[in-house]
Amino acid sequence: MPTSPFAKRDILSFKDLQAETVILPETGSLTERVVREAQLKSGVRLQRTITMSTFPLMCEAVLQGAGIAIFLSESGLISRGLAEVPIAELTQQHETAVVAPKDRAKLRLVKAFIGIASS
């Protein structure tokens, strides 16, 4: 939330977030897996987490004061002026790929989708 003291920080760590309610995307998502692995590696466990199914829902929960959401860079649309602050334990970059079967990759609809996704 933009009014949170964390919003003014240049970087956060899992230790900073231990006493906070942390909002994560659904179990099995890339973000959830990356956060879980980073917690194991760092030895710091986030005590209170909430799981939500979509990025817009996570943003709305933050705006309503339910907690602090963790997104991977460029994984969702950060809405209405929410502050983005990097987390020290989550510095690895993750690539996004669009995959289509070879026999359908040349269809106009698929080409259009890939064009929009890559811009």
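Model, not experiment: these values are computed from the prediction.

Colleague: Please clarify how the side chain of Glu32 should be interpreted in this entry.
Modeller: Its location among the elements puts Glu32 in helix 2 (residues 30-42). You can call Glu32 buried: its relative accessible area is 12%.

Colleague: It is not clear to me how the confidence of the model for the chain should be interpreted in this structure. Could you clarify?
Modeller: Detailed reading of the predicted model is not advised wherever pLDDT is low. A residue-level look at the chain finds 89% of positions with pLDDT of 70 or above and a mean pLDDT of 85. Across the chain, the element-wise mean pLDDT spans from 85 in helix 4 (residues 108-117) up to 95 in helix 1 (residues 14-17).

Colleague: Explain the pattern of salt bridges to me, please; I cannot follow it from the model alone.
Modeller: Scanning the entire structure with this criterion turns up two salt bridges. The shortest N-O distance in the salt bridge between Asp16 and Arg9 comes to 3.0 Å. Across the salt bridge formed by Glu32 and Arg36, the nearest N and O atoms sit 3.0 Å from each other. Of this pair, Glu32 and Arg36 are both found in helix 2, four residues apart, which corresponds to roughly one turn of the helix. Exposure remark for Arg36: the relative accessible area of 39% places this residue in the partly exposed category.

Colleague: Looking at this structure, how should I read the side chain of Ser13?
Modeller: Checked against the element boundaries, Ser13 lands in the segment before helix 1. The exposure class of Ser13 is buried, given its relative accessible area of 17%. The contacts of Ser13, once residues within four sequence positions are left out, are Ile87, Ala88 and Glu89.

Colleague: Could you clarify how one ought to interpret the sheet that holds strand 2 (residues 48-52) in this entry?
Modeller: In a beta sheet, neighbouring strands pair by backbone hydrogen bonds and run either parallel or antiparallel. Here three strands make up an open sheet; going across it, the order is 2-1-3 and the pairing parallel. Each edge of the sheet is formed by a strand with only one pairing partner; in this case those strands are strand 2 and strand 3 (68-69). Where helix 3 (residues 55-63) meets the sheet, its contacts fall on strand 1 (21-25), strand 2 and strand 3, and the angle it forms with strand 1 comes to roughly 165°.

Colleague: Help me understand the environment of Ala88 in this model?
Modeller: With respect to the helices and strands, the residue Ala88 is situated in the loop between strand 3 and helix 4. Looking at Ala88, the relative accessible area reads 38%, which means it is partly exposed. Once residues within four sequence positions are removed from consideration, Ala88 is found in contact with Ile11, Leu12 and Ser13.

Colleague: Teacher, can you tell me more about the nonpolar core here?
Modeller: Soluble globular proteins tend to pack their nonpolar side chains together in the buried interior. The biggest cluster of nonpolar side chains holds 17 residues, and the ones touching the most others in it are Phe14, Leu17, Val35, Leu46, Ile70 and Leu90. Mapped onto this core, the elements with two or more residues apiece are helix 1, strand 1 and helix 2. Examining the composition of this core, we find that three residues originate from one element, helix 2, more than from any other. Every residue in contact with Ile70, bar those within four places of it in the chain, is listed here: Phe14, Leu17, Val22, Ile23, Leu24, Pro25, Thr31, Val35, Leu46, Met58, Ile87 and Leu90.

Rules used in this analysis
Residues numbered from 1 in each chain as written. Predicted model: local features only at pLDDT ≥ 70, side-chain atom pairs only at ≥ 80, totals over all residues. Heavy atoms only, no water. Helix = DSSP H or I, 4+ residues; strand = E, 2+ residues; numbered from the N terminus. Buried < 20%, exposed > 50% of the residue type's maximum accessible area, 1.4 Å probe, protein only. pLDDT = per-residue confidence, 0-100. Salt bridge = Lys/Arg side-chain N within 4 Å of Asp/Glu carboxyl O. Contact = heavy atoms within 4.5 Å. Pairing = 2+ DSSP bridges. Axes fitted to C-alpha atoms, helices over the stretch in contact; angles between N-to-C directions. Core = buried A, V, L, I, M, F, W, Y, C linked by side-chain atoms within 4.5 Å.

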